[in-house]
Amino acid sequence: MELLASKLRPTTLDEIIGQDHLVGKGKILRNLIENKKLFSCILYGKPGIGKTSIANVIVKQLDMPYRFLNATINNKSDFDIVIEEAKMQGQMIVVMDEIHRLNKDKQDLLLPYIENGLIILIGLTTANPYNSINPAIRSRLQIYELHELDKKGILKGLKRACQTLEDIKINDEALNYIAQISSGDFRSAINLLEVAYYASNNHEININTIKDINSKPIFYHDKNSDGYYEVLSAFQKSIRGSDENASLHYLARLIEAGDLDSICRRLAVIAYEDIGLANPQMGPKVMAAIEAAKMVGLPEARIPLSVVVVELALSPKSNSAHVGLDMALSDIHSGTTGNVPKHIKNHNPAYKYPHNYENSYVYQQYLPDIIKNKKYYHPKNNKYETALKKYDVETRNKQ
């Protein structure tokens, strides 16, 4: 039996939900199709927002030979067959799902035919092509980003779907709830509606019917996707920006995805990258929270994590230490190093042992001659670093 989502797949651009910036009147894809001219391209965006639907409409309206391939499922021999078919036909559209997983052998096979126009490639991907697709392929393709569908668009599609379901009885409350928990994924919304239709008595659907099937919002979290890194990035930036509410929000999204390892790794980085010397006690505190979280596991892990995330967000911030190290690494990479001073090489009697002096300090040169006056560490204006600097100055002045 054909699924509802497949039955409802658009056949014209006017039936596409959302994506007006690409298929609206006077927009680029519509103009290309109306002019019967298409160039190889990539359609990228989150699942269920119309990538495959747009590709289907393109091949139907251009009325050209076409084939659908999947970069992971189809093997090299499948690609060979498609190329031979394209040679016989004169030109062919190849719709490539999961194009970001296309391996080098398949890329090398396709490249010359994309170059000479024998194959018009339409790549579909949830991953940001600027990060995930080989530049050799990417440079030959136009890139079009699809936008996430809003609730209004999802509702429009759901109401259209209801017209195709015989004897369906569903109220606005249930439709709104489906649209709300679909998180912009129209395919998931349609699938949920279809399950509810066949799972209900006399096809009568209310909000309780939907909640019995699925009460949780659809959360897209693919570790190979752009969205995965966006959430982790937003999590760290919210803590760095001292926004405890946003920090808890993104922590909740990562917890909902069950991604405890990524949370712990990112927190360990944040403690030293963003808090650093402004509050050095946060390093051990974060490690203790990570140990507790991993010991109890989810869902209880959220408790120690919430405490340490709020404290990280509200803590003073400093990146002075690792910025200083990056400056030192930059000098090394550029060849600005010099020789280690002789008096601090092994077993040199000219070396002054600091612990033999008052306050365990004695002035001597440690940096190589060519950078002896270089300063990498520049303290931030926070309580701990100010105290460190004051102690350092007072110690040196006593010499």
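To be clear, the structure that these remarks concern was listed above.
Overview of the structure. (Residues numbered from 1 in each chain as written. Predicted model: local features only at pLDDT ≥ 70, side-chain atom pairs only at ≥ 80, totals over all residues. Heavy atoms only, no water.)

## Details of the overall build of the protein chain
At step 1: Looking only at helices and strands, the protein chain features 19 helices and 7 strands.
At step 2: Here the C-alpha atoms of the protein chain give a radius of gyration of 30 Å, more than 25% beyond the 21 Å that 2.2 N^0.38 yields for 399 residues.
At step 3: C-alpha atoms of the protein chain, sized along the principal axes, occupy 90 × 55 × 40 Å.
At step 4: Taking all contacts inside the protein chain whose residues are at least 6 apart in sequence as the whole, residues at least 24 apart take part in 76%.
At step 5: Accessible surface, the protein chain: about 22200 Å² in total, of which carbon and sulfur atoms supply 50%.
At step 6: Seen as two clouds, the 49 positive and the 46 negative side-chain charges of the protein chain have centres 7 Å apart. (Helix = DSSP H or I, 4+ residues; strand = E, 2+ residues; numbered from the N terminus. Rg over C-alpha atoms; globule rule 2.2 N^0.38 Å. Contact = heavy atoms within 4.5 Å. Areas by Shrake-Rupley, 256 points an atom, 1.4 Å probe, with all protein chains shown as cover. Lys, Arg positive; Asp, Glu negative; His and termini not counted. Charge placed at Lys NZ, Arg CZ, Asp CG, Glu CD.)

## Observations concerning the nonpolar core
At step 1: Ranked by internal contacts, the top residues of the largest apolar core, which has 52 residues, are I122, L158, I170, L193, I205 and I210.
At step 2: Of the residues forming this core, the biggest block, 7 residues, is contributed by helix α11 (residues 186–199).
At step 3: In this structure I205 touches I168, K169, I170, N171, A174, L193, A196, Y197, S200 and I210, once residues within four positions along its chain are discounted. (Core = buried A, V, L, I, M, F, W, Y, C linked by side-chain atoms within 4.5 Å. Buried < 20%, exposed > 50% of the residue type's maximum accessible area, 1.4 Å probe, protein only.)

## Things to note about the pattern of salt bridges
At step 1: Within the structure shown, the criterion is met by 12 salt bridges.
At step 2: Residue R30 is joined to D14 by a salt bridge in which the shortest nitrogen-to-oxygen separation is 2.8 Å. Here the residue R30 occupies a position in helix α3 (residues 28–34), and D14 occupies one in the loop between α1 (4–7) and α2 (20–23), the gap between them amounting to 16 residues.
At step 3: In this structure D14 comes out as exposed when scored by relative accessible area, which is 53%.
At step 4: As a salt-bridge pair, D108 and K104 come within 2.9 Å of each other at their nearest N and O atoms. Here D108 and its partner K104 are both found in helix α6 (residues 104–115), 4 residues apart, which amounts to about one turn of the helix.
At step 5: Beyond isolated ion pairs, a larger network of salt bridges with shared partners links D14, R30 and E34. (Salt bridge = Lys/Arg side-chain N within 4 Å of Asp/Glu carboxyl O.)

## With respect to helix α4 (residues 51–62)
One turn of the α-helix equals 3.6 residues, which is why residues spaced by three or four share an orientation.
At step 1: Between its first and last C-alpha, α4 extends 17 Å over 12 residues, near the 16 Å set by a 1.5 Å rise per residue.
At step 2: The element α4 is extensively covered by neighbouring structure, given that 9 of its 12 residues are classed as buried.
At step 3: For α4, the full list of buried residues reads K51, S53, I54, A55, N56, V57, I58, V59 and L62.
At step 4: Phi turns positive one or two residues past the end of α4, at D63, with a value near 50°. (Expected span 1.5 Å × (residues − 1).)

## Description of the packing of helix α16 (residues 282–296) against helix α17 (residues 302–314)
At step 1: Two elements in contact, α16 and α17, have axes separated by 9 Å at closest approach and are oriented at 160°. Taken together, the axis directions place α16 and α17 in an arrangement best described as roughly antiparallel. The handedness of the crossing between α16 and α17 is left-handed. For the pair α16 and α17, contact is made by M282, K285, V286, A289, A292 and A293 and by P304, L305, V308, E311 and L312, respectively. (Axes fitted to C-alpha atoms, helices over the stretch in contact; angles between N-to-C directions. Parallel < 35°, antiparallel > 145°, perpendicular 65-115°, else oblique. Left-handed = near helix turned anticlockwise from the far one by under 90°.)

## Looking at the packing of aromatic side chains
At step 1: Inspection of the entire model under this criterion finds 2 aromatic pairs.
At step 2: Here Y66 and F68 contribute two aromatic rings whose centre-to-centre distance is 5.9 Å and whose plane-to-plane angle is 85°, an arrangement assigned as edge-to-face.
At step 3: Ring centres of Y197 and Y198 lie 4.8 Å apart, and the angle between their planes is 85°; this geometry places the pair in the edge-to-face category.
At step 4: Using a relative accessible area of 48% as the deciding quantity, one classes Y198 as partly exposed.
At step 5: The cationic tip of K211 hangs over the ring face of Y177; the distance from NZ or CZ to the ring centre is 5.5 Å. (Phe/Tyr/Trp six-rings, centres within 6.5 Å; stacked < 30°, edge-to-face > 60°. Lys NZ or Arg CZ within 6 Å of the ring centre and 35° of its normal.)

## Some details on the side chain of Q19
At step 1: With respect to the helices, strands and loops of the structure, Q19 is situated in the loop between α1 and α2.
At step 2: Contacts of Q19, omitting those with residues within four sequence positions, involve G24, I49, I54, L146, H147 and L149.

## Quick look at the sheet that holds strand β1 (residues 41–44)
Strands pair in a sheet through their backbones, by hydrogen bonds, and they do so in one of two ways: parallel or antiparallel.
At step 1: The strand order across the open sheet built from 5 strands is β2-β3-β4-β1-β5, with neighbouring strands paired in parallel fashion. This sheet does not close on itself; its edge strands, each paired only once, are β2 (66–70) and β5 (142–145). Within the sheet, the average angular offset between the axes of one strand and its neighbour, ignoring direction, is 20°.
At step 2: This element, helix α5 (residues 76–89), spans β2, β3 (92–97) and β4 (119–125) of the sheet and lies at about 155° to β3. (Pairing = 2+ DSSP bridges.)

## Quick word on the pairing of β2
At step 1: Pairing analysis gives 5 bridges linking β2 to β3, with the strands arranged parallel. Residue pairing across strands places L69 opposite M96, the latter belonging to β3.
At step 2: With α5 bridging β2 and the parallel β3, this β-α-β connection has right-handed handedness. (Right-handed = clockwise from strand over helix to strand, strands pointing away.)

## Focus: unusual backbone geometry
At step 1: L298 connects to P299 through a cis peptide bond whose omega is 10°.
At step 2: Residue placement: P299 occurs in the loop between α16 and α17.
At step 3: At D63, a position not held by glycine, the phi torsion is positive, near 50°.
At step 4: Tracing the backbone shows D63 in the loop between α4 and β2.
At step 5: Even without a glycine there, the phi angle at S360 is positive, about 55°.
At step 6: Considering the arrangement of structural elements, one finds S360 in the loop between α18 (320–333) and α19 (383–397).
At step 7: Its relative accessible area of 38% is what places S360 among the partly exposed residues.

## Overview of the packing of helix α9 (residues 151–162) against helix α10 (residues 172–181)
At step 1: For the pair α9 and α10, interaxial distance at closest approach is 9 Å and the crossing angle is 130°. Overall, the two elements α9 and α10 adopt an arrangement that is oblique. For α9 against α10, the interelement crossing comes out right-handed. When α9 is examined against α10, the residues K151, I154, L155, L158, K159 and C162 are found in contact with a partner set consisting of L175, N176, I178, A179 and Q180.
At step 2: Its residues assigned to classes, the contact of α9 with α10 shows 7 nonpolar, 2 polar and 2 charged. (Nonpolar A, V, L, I, M, F, W, Y, C, P; charged D, E, K, R; others polar.)

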